[in-house]
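# Architecture at a glance
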Amino acid sequence: MRNKRHSTQKTTVHVYGSRYAEDKKLANAAYRQLGTGQDINFPREGQYAHSHGIPITGDWEEIERFVWQFVCIADILEEGHRNKYQFIVHHFDGFEVGQIAPLFYQAFKIANITLPAEYHAYIESISTAKGLPSLYDINVYDSLDERAAVREFLGKTQDDIYRELEENLDCDCSFMESFYYLGPKAFAYYITAWEQLFAHYQANPDNDTECDLAESALFLLSQRNIMNPEDETPEGFAARLRLLEQCEQHYKTAADYYDQRTLNKALKKCSSIREELLKHTR
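Residues numbered from 1 in each chain as written. Predicted model: local features only at pLDDT ≥ 70, side-chain atom pairs only at ≥ 80, totals over all residues. Heavy atoms only, no water.

F70, F104, F179 and W194 are the most contacted members of the largest nonpolar core, which has 78 residues in total. A total of 8 residues in this core trace back to one element, the largest contributor, which is helix α3 (residues 60-77). Not counting chain neighbours up to four residues away, the residues in contact with F70 comprise V15, H52, I54, F87, V89, F104 and I113. (Core = buried A, V, L, I, M, F, W, Y, C linked by side-chain atoms within 4.5 Å. Buried < 20%, exposed > 50% of the residue type's maximum accessible area, 1.4 Å probe, protein only. Helix = DSSP H or I, 4+ residues; strand = E, 2+ residues; numbered from the N terminus. Contact = heavy atoms within 4.5 Å.)

Another point: the state of the cysteines. Tallied over the entire structure, the rule returns 0 disulfides. The closest cysteine sulfur to the non-disulfide-bonded C247 is located on C270, 5.7 Å from its own sulfur. Using a relative accessible area of 0% as the deciding quantity, one classes C247 as buried. (Disulfide = S-S within 2.5 Å.)

So, on to the environment of E164. Along the polypeptide, E164 turns up in helix α8 (residues 158-168). With a relative accessible area of 17%, E164 lands in the buried category. Those residues in contact with E164, other than ones at most four positions away along the chain, are K156 and F175.

Opposite charge on two side chains permits them to pair, given that their charged atoms come into close proximity. Summed over all chains, the structure comprises 10 salt bridges. For R224, the salt bridge identified is with E232, shortest N-O distance 2.9 Å. Residue R224 shares its accessibility class with E232, and that shared class is buried. Salt bridges sharing common partners tie together K24, E62 and R65. (Salt bridge = Lys/Arg side-chain N within 4 Å of Asp/Glu carboxyl O.)

This part is about the confidence of the model for the protein. This prediction gives the protein a mean pLDDT of 85; 88% of its residues lie at or above 70. A low-confidence stretch, residues 1-7 stays under pLDDT 50, and its non-local contacts, those more than four residues away or across chains, total 2 contacts. (pLDDT = per-residue confidence, 0-100.)

Another aspect to go through is the packing of aromatic side chains. Two descriptors summarise a pair of aromatic rings, namely the distance from one centre to the other and the angle between the planes of the rings. Scanning the model with the defined rule gives 16 aromatic pairs in all. Between Y257 and Y258 the ring centres are 6.0 Å apart and the planes differ by 85°, which places this aromatic pair in the edge-to-face class. The class of Y257 is partly exposed, set by a relative accessible area of 41%. Owing to a relative accessible area of 17%, Y258 belongs among the buried residues under this scheme. Sitting over the face of the ring of F66, R65 holds its NZ or CZ atom 4.5 Å from the ring centroid. Positioned over the ring face of F187 is R224, at 3.9 Å from the centre of the ring. (Phe/Tyr/Trp six-rings, centres within 6.5 Å; stacked < 30°, edge-to-face > 60°. Lys NZ or Arg CZ within 6 Å of the ring centre and 35° of its normal.)

Pairing within the open sheet is parallel, and its 4 strands lie in the order β2-β1-β3-β4. Lying at the two open borders of the sheet, with one neighbouring strand each, are β2 (51-55) and β4 (113-114). Here strand β1 (residues 11-18) pairs with β2 via 5 bridges, running parallel. Considered in β2, the bridge of H14 is made with S51. Each of β1 and β2 is contacted by helix α2 (residues 21-33), which is oriented at about 105° to β2, the strand it contacts most. Set on the sheet, α3 makes contact with β1, β2, β3 (85-89) and β4; between it and β2 the angle comes to about 150°. (Pairing = 2+ DSSP bridges. Axes fitted to C-alpha atoms, helices over the stretch in contact; angles between N-to-C directions.)

We now examine the environment of N207. Structurally, N207 can be placed in helix α12 (residues 207-226). Measuring from C-alpha to C-alpha, the distance between N207 and A254 comes to 7.7 Å, with 47 residues separating the pair along the chain.

For the rest of this paragraph, the subject is the packing of helix α13 (residues 234-253) against helix α14 (residues 260-279). Between α13 and α14, the shortest axis-to-axis distance is 10 Å and the interhelical angle comes to 160°. Taken as axis vectors, α13 and α14 run roughly antiparallel relative to one another. As for the relative orientation of α13 and α14, their crossing is left-handed in sense. Residue-level inspection shows F237, R240, L241, L244, E245, C247, E248 and Y251 of α13 in contact with α14, the latter providing L263, A266, L267, C270, I273, R274, L277 and L278. Counted by class, the contact of α13 with α14 contains 12 nonpolar, no polar and 4 charged residues. (Parallel < 35°, antiparallel > 145°, perpendicular 65-115°, else oblique. Left-handed = near helix turned anticlockwise from the far one by under 90°. Nonpolar A, V, L, I, M, F, W, Y, C, P; charged D, E, K, R; others polar.)

Have a look at this one:
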């Protein structure tokens, strides 16, 4: 049963974009306090009775960092005895909704943050207008990894992801890792970028790049086998099988490019992934 008495005692904290230098110090101090387990005191002075100013005077990267710090504060304060605040976010003056709403992508599923209605409408519109996966298609279980995937994929088309995949193929970066954690519908949509990139290099041979692609694709497929495989959509399973076939075809046609040990290891991995995939498609 929900503790109604506890919920009615929550203090409302109004969150706004601030151009005051003092708020930058307060924002950094509040973030540093998170690790101490101490309560964070939100000042009464300012525009509202209780307030938290997110600094907006720096460059775009700094604004994004301060928004992220605030979301971390709210998320952690939602737990246990520290769950006594409800944060009401107000739109930042001087900015378009389309500039600020995506910065709060991690906040949409945090119960003690209330975002402006226009932020919700904007996030929905950028997905539905283009027929793209929604915030909730990408972030199903609200894990930290899925929240990171939202940042990488929300509002992007298959062509956008194709270009980013091509640019980051040999990088161990958050973009590549986020593929592992996409919700089933989003994964089924975006995995086509891998298929398209394979098709491109099979038509325009580049052994080094195609080897990187095959290695990364196998790792992606093995990770998806580990993470909630039973939740995958039929389209997602079919796409994974097609991508696996492209990997197998690569290792057969480029056999001379590998030493026998490496080739055997790759083909054995392909067989293992196929066996695991077929378990969930029977």
